[in-house]
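Reading the structure
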Amino acid sequence: MPEPSLLQVVLMGLITVFVGLICLIIIIKIMGAIMAAVSGNKASTPAPVAAPAAPAPVPASNTGNQQLVAAISAAIAEEMGEDVDHIKILSIRRL
C-alpha cells in the first residue's frame, strides 16, 4: 500500500477537525433547545428593562463634574443592582 502524501494527511486532519466542530455545534444547539423547553422558555424571554432613574443630586462646581458623578453613580447602582437614589457619593479622587 502506498504511503499517503502530505496533502492527503493535511486534508484529512482539517476535515476531521471541522466535522468534529460541526458535531459539537449541533449537540450544543440540541442541548440548548432541550434546556429551553424544560425551563419553560424563561431564558429566551428578555427581562423587563427598568427606566433609568435620575441621578442623585450631588453638589459640584461645574457641569463636567456633575456628569462624571452621575455616570459613576449609575455604574455603581447598576453593578449593585440598586436604584440610583440609594447611592450616595461623598467624594471622588483621581487615582
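Everything that follows concerns the structure shown earlier in this document.
Scope of this entry: the structure provided in the associated data block. Treat the numbers as computed from the prediction; the structure is a model and nothing was measured.

**Some points on the overall build of the chain**
A tally of regular secondary structure across the chain gives 2 helices and 0 strands. Burial statistics for the chain: of 95 residues in total, 6% are counted as buried. Accessible area of the chain: about 8600 Å², with a carbon and sulfur share of 69%.

**Overview of the nonpolar core**
One finds Val69, Ala77, Val84, Ile87 and Ile89 forming the largest nonpolar core, which totals 5 residues. Those residues in contact with Ile89 that sit more than four places away from it in its chain are Val69, Ile72 and Ser73.

**Comments concerning helix H1 (residues 6-38)**
The first and last C-alpha atoms of H1 sit 48 Å apart over 33 residues, in line with the 48 Å expected at 1.5 Å per residue. Backbone geometry just after H1 places Gly40 at a positive phi near 75°.

**Things to note about the side chain of Ser73**
With respect to the secondary-structure elements, Ser73 resides in helix H2 (residues 63-80). Take Ser73: its relative accessible area is 2%, and that puts it in the buried class.

**Here's the deal with the environment of Ala77**
You can see Ala77 is positioned in helix H2. Once you skip the residues sitting within four places of it in the chain, Ala77 turns out to touch Glu82, Asp83, Val84 and Ile87.

Rules and cut-offs
- Residues numbered from 1 in each chain as written.
- Predicted model: local features only at pLDDT ≥ 70, side-chain atom pairs only at ≥ 80, totals over all residues.
- Heavy atoms only, no water.
- Helix = DSSP H or I, 4+ residues; strand = E, 2+ residues; numbered from the N terminus.
- Buried < 20%, exposed > 50% of the residue type's maximum accessible area, 1.4 Å probe, protein only.
- Areas by Shrake-Rupley, 256 points an atom, 1.4 Å probe, with all protein chains shown as cover.
- Core = buried A, V, L, I, M, F, W, Y, C linked by side-chain atoms within 4.5 Å.
- Contact = heavy atoms within 4.5 Å.
- Expected span 1.5 Å × (residues − 1).

These figures capture arrangement, not role.
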